[in-house]
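Coordinates in review
The residues making up each chain are set out below.
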Amino acid sequence: MKISCLQENLAKGLATVGRAVATRSTLPVLSNILMESDRGRLRLAATNLEIGISCWIGARVEEEGRTTVPARLLTEFVNSLPSGQIDMELIERTQTLNLKCARYEANIKGIDPAEFPDVPTAESLGEPGGLPLQTETFRRMIERVVFAAATDESRPILTGVLAQFYQGGLTLAAADGFRLSVTSADVGAELDETAKIIIPARALAELNRISGDQEEPIQLIVTPTRNQVLFHLTNTDLVAQLIEGNFPDYKQIIPKTYNTRAVVNTQELLKAVKVAFLFARDAANIIRFQILPGTELSPGQMIVAATSAEFGDNVSELDATVTGDKIEIAFNARYLIDVLSVVGTTEVALETSTPSSPGVVRPVGGDDFVCVIMPMHISR
Amino acid sequence: MSRNMREPKSCEDRPRAILHLDLDAFFASVEALENPLLAGKPVIVGGRPEERGVVASASYPARAFGVRSAMPTSRALALCPEAIVVPPRHRLYADYSRRVMELLHQVSPLVEPASIDEAYLDLTDQIADWEQAVDLARQVQHRVRDEIGLSSSLGVATNKLVAKIAADQHKPGGLTVVRPGQEAAFLAPLPVQVLWGVGPVTARKLADLLQVSTVGDLAQIPEEVLRAHFGRHGSAMARQAQGRDERPVVPVHERKTLSQERTFRRDLAQAEILEQELRQLSEAVSQHLQSAGLACGTIALKLRYADFTTLTRQMTLSAPTNDALLIYQAALAMFRRSWERGRPVRLLGVSGRRLSSLVGQLTLWGGSNEPD
């Protein structure tokens, strides 16, 4: 293999595939990045067997070939180089990659690419088409649900995001047992039938990270074996193992009524919660809310408070439009920060019924998003 | 300058008064308290011989036959055929232990439990004159006997090392006092193994290389020589041989982990049975957490194969819990990922780490009624 490319492009490509590199694997080759010539371009690929990312960068291929090299060393070396052309040549016999850039030269020892697992691409699947999803809409949907998925694997199904397709539209839902986030939108998909898949939340989070520059629609392809999903971007493919099983019935969790509803300015509330979190983070993240209806003379109020036995306490007040009864309820500050950061509307509503029933966060002026957060029980 | 002339407030100069208390044949004594028919008889608390059990504790009448802790029960019964074997009841012992520790707290706030049946107390601030520590120790011994019913052996000295060794000298029911300045002389005739970190291997090395067998012999060896042979450990030995130990008594405020483990009678290799064991261990951890009003943020799994290869894995949960099912699910997920299917397992353990007082994060599906 003899290939030349620009340092900027290689560094960017390595950053794209880098997050799929296995960090703690018993299989040494998974710590490597696959590099191969692919029709006048250089393909980079990495996988941790849960997700795999391939990325193509412009290159001048003088001699075809492929190898795998340690991801960390290669990435750090390339990031240290001046911008300009990098010439790479593989010494086949020793699987050593020779790199030259300006006055730098290195030889990096690789592992036989035959040991590298197959990372499917849209092309290898023979389905360059797939289901096109409007990138901006889809990215915003992902942002609104991924935080609610479980990060521990005690219940694997909850580490996934349920994606339900219906005519033209898509619903995404994620829940970790303490909160649930559901969002729906028209993603412009032309699909006649309904379909359901559970995609690892981590794969969607990575998709959002690598699709910032994507303008064309993202193509979604489910492999013929129905156990993998592939997202095809202009120069990048991300493939992930689908999660098998039945996602819990989340619809029954979303309360249909409430006793108290408070509407506040989203940014003001986010700020008050972040301030309270400074005190709450030493006390299991508990922040307490007092919601007081207004009177003829004064507007309604939302009072946000947190207490740390060791460091002190804090109280913030917000004006609120309150309907229903007054209530006191406590939540994990982290959960509120997660949802308030992605609501996206000027005002937000918090609905609840009792101190131990679910709190529902909804954007005001949109019914495309709802987040249910279970409160914390405070014994006093 | 004589000690009496010193100002009582010069804390730095004043020798500390450290008490070490060791409950005699603790488990066996508790069993005898609970069942008076066992009193005065050779009693062995431990696993059954046919189940590879070992002796956890033996009463003094049993010890007279040579029965010792950690000995296989089968061997203990060979030495003392009339011994009565009682299965251990750890929850009961924990309860007695807690009562003893509470009593000790009434004497001094500085109590460091060293194990379920041992504790250090710093009495320095409770007394004006060092001799009063001896009276206080005697009172403690009487109260543990009269109020709880247990016999204990005590050592009083100026530091933890000497106090512990002193407590070991006259068991059961002894009270051994080593007055300030007498530490080295007290230790001198004792074998070097009484010191911390001196096991059979080090002892043999000391005898072979330096003809040292007692602490007194050891005290004659210059520190540089010990350091040359044993490195940093040599310096520690030299300090101990002089009866010096500056470690403070550290009261323990909170537990860091809560664990349950089980060594199987026979090595197990069947997935369903191991998972069943895992469920029981998880339930026990959950029960202990709940009774202590605690939740854990991390679950750890310990797995020991028949050949003693041991692995531990841990998982941090989204929110602290003491729910048996959530603990089991986490333990099971780790077990399925780490166990080499079919390879015989000798021991399984489940523990809760990062303990916190229970804060009630309510769940979407209401407690254990989770889906899937």
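For the structure given in this document, a descriptive report is provided here.

The rules behind these values
Residues numbered from 1 in each chain as written. Chains lettered and ligands numbered in written order. Predicted model: local features only at pLDDT ≥ 70, side-chain atom pairs only at ≥ 80, totals over all residues. Heavy atoms only, no water. Helix = DSSP H or I, 4+ residues; strand = E, 2+ residues; numbered from the N terminus. Buried < 20%, exposed > 50% of the residue type's maximum accessible area, 1.4 Å probe, protein only. Areas by Shrake-Rupley, 256 points an atom, 1.4 Å probe, with all protein chains shown as cover. Expected span 1.5 Å × (residues − 1). Arc of directions from axis to C-beta. Salt bridge = Lys/Arg side-chain N within 4 Å of Asp/Glu carboxyl O. 1 Å grid on protein atoms, 1.4 Å probe; cavity = no way out; pocket = protein on both sides within 12 Å on 5 of 7 lines; lining within 4 Å. Points joined across faces, edges and corners; volume = space filled by probe spheres on them. Nonpolar A, V, L, I, M, F, W, Y, C, P; charged D, E, K, R; others polar. Pairing = 2+ DSSP bridges. Axes fitted to C-alpha atoms, helices over the stretch in contact; angles between N-to-C directions. Contact = heavy atoms within 4.5 Å. Buried area = accessible area lost by both parts, 1.4 Å probe. Polar contact = N/O pair within 3.5 Å; in protein donor to acceptor, adjacent residues only side chain to side chain. Core = buried A, V, L, I, M, F, W, Y, C linked by side-chain atoms within 4.5 Å.

Quick notes on the overall build of chain B
- Scanning chain B from terminus to terminus reveals 13 helices and 13 strands.
- In chain B, which comprises 372 residues, the proportion classed as buried is 46%.
- Split by element, the accessible area of chain B, about 18,600 Å² in all, is 51% carbon and sulfur.

Considerations on helix 5 (residues 266–280) of chain A
Residues and elements named next belong to chain A.
- With 15 residues, helix 5 extends 20 Å from end C-alpha to end C-alpha; this agrees with the ideal 21 Å at 1.5 Å per step.
- If you check which residues of helix 5 are buried, you get Thr 266, Leu 269, Leu 270, Ala 272, Val 273, Ala 276, Phe 277 and Ala 280. Axial view of helix 5: buried residues confined to an arc of 165°, hence all on one face. For helix 5, the exposed residues set more than 90 degrees away from the buried face come down to Gln 267 and Lys 271.

Digging into the pattern of salt bridges
- One pass over the full model with this rule turns up 37 salt bridges over all chains.
- Of the charged contacts in the structure, one is a salt bridge between Arg72(A) and Glu76(A), with a shortest N-O distance of 3.3 Å. Highlighted residues: Arg72(A) and Glu76(A), both in helix 2 (residues 71–80), separated by four residues, approximately one helical turn.
- You can call Glu76(A) partly exposed: its relative accessible area is 45%.
- One salt bridge in this structure joins Glu223(B) and Arg227(B), with 3.3 Å as the shortest N-O distance.

Regarding empty space enclosed by the protein
- Scanning the entire structure with this criterion turns up three cavities of 30 Å³ or more.
- If you add up the space inside the largest cavity, you get close to 50 Å³.
- In terms of lining, the largest cavity is formed by Asp152(A), Ser154(A), Arg155(A), Phe178(A), Leu317(B), Ser318(B), Ala319(B), Thr321(B) and Leu326(B).
- Per-element accounting of the lining of the largest cavity gives the leading share, four residues, to strand 11 (residues 310–321) of chain B.
- Its residues assigned to classes, the lining of the largest cavity shows four nonpolar, three polar and two charged.
- Empty space within the second largest cavity amounts to approximately 40 Å³.
- What lines the second largest cavity is Leu269(A), Phe289(A), Leu336(A), Leu340(A), Val348(A), Ala349(A), Leu350(A) and Val361(A).
- For the lining of the second largest cavity, the secondary-structure elements that each account for two or more residues are helix 6 (333–340) and strand 23 (347–352) of chain A.
- For the lining of the second largest cavity, a count of residues per class yields eight nonpolar, no polar and no charged.

Points about the pairing of strand 2 (residues 32–38) of chain A
Residues and elements named next belong to chain A.
- Counting buried positions over the seven residues of strand 2 gives six, a clear majority of the element.
- Pairing geometry for strand 2 and strand 3 (residues 41–47), over five bridges, is antiparallel. In the sheet register, Leu 34 faces strand 3, and the bridge partner there is Ala 45.

Some thoughts on the sheet that holds strand 1 (residues 18–23) of chain B
All names here are of chain B.
- Within the open sheet, the five strands sit side by side as 5-6-1-7-8. Their pairing is mixed. Two strands lie at the open edges of the sheet, namely strand 5 (111–115) and strand 8 (175–177), each paired on one side alone. Neighbour-to-neighbour, the strand axes of this sheet turn through a mean angle of 15°, independent of strand direction.
- Sheet topology note: the strand 5/strand 6 (residues 118–122) ladder contains four bridges and is antiparallel. Directly across from Val 111, in strand 6, lies its bridge partner Leu 121.
- The sheet strands contacting helix 4 (residues 90–107) are strand 1, strand 5 and strand 6, and the helix crosses strand 6 at an angle near 10°.
- This element, helix 5 (residues 132–148), spans strand 1, strand 7 (152–157) and strand 8 of the sheet and lies at about 165° to strand 7.

Concerning the interface of chain B and chain A
- Counting residues at the interface gives 20 residues for chain B, matched by 26 residues for chain A.
- Both faces considered, chain B and chain A share a buried interface measuring about 1,900 Å² in area, 65% of it formed by carbon and sulfur atoms.
- Of all residues in chain B, the largest losses of buried area upon contact with chain A belong to Gln361(B), Leu364(B) and Trp365(B), amounting jointly to 35% of the total for that side.
- Summed over the shared surface of chain B and chain A, the result is one salt bridge.

Re the sheet that holds strand 6 (residues 66–70) of chain A
All names here are of chain A.
- Read from one edge of the open sheet, eight strands run 6-2-3-4-17-16-15-10, paired in antiparallel fashion. Here the strands that pair on one side only, and so sit at the sheet edges, are strand 6 and strand 10 (131–133). On average, adjacent strands in this sheet sit at an angle of 20° to one another, irrespective of strand direction.
- For strand 3 and strand 4 (residues 51–58), the ladder comprises seven bridges, and the chain directions are antiparallel. Bridged to Ala 45 within strand 4 is Ser 54.
- Helix-sheet contacts for helix 2 involve strand 2 and strand 6, and the interaxial angle to strand 6 is about 85°.

Considerations on the side chain of Asp22(B)
- Within the element layout of this structure, Asp22(B) appears in strand 1.
- One polar contact links Asp22(B) to Lys171(B), side chain to side chain, over a distance of 3.5 Å.

Brief notes about the side chain of Thr135(A)
Residues and elements named next belong to chain A.
- Turning to its location among the elements, Thr 135 is positioned in helix 3 (residues 135–145).
- For Thr 135, a relative accessible area of 6% corresponds to the buried category.
- Sequence-distant contacts of Thr 135, that is, excluding residues within four places in its chain, are made with Ser 211, Gln 214, Glu 215, Glu 216, Pro 217 and Ile 218.

Overview of the nonpolar core
- If you look at the biggest cluster of nonpolar residues, it comprises 104 residues, and the most contacted ones within it are Leu10(A), Met35(A), Phe231(A) and Met302(A).
- Broken down by element, this core gets its largest block of residues, seven residues, from helix 5 of chain A.
- By size, the runner-up hydrophobic cluster in this structure holds 38 residues, among which are Ala28(B), Val43(B), Leu103(B) and Ala133(B).

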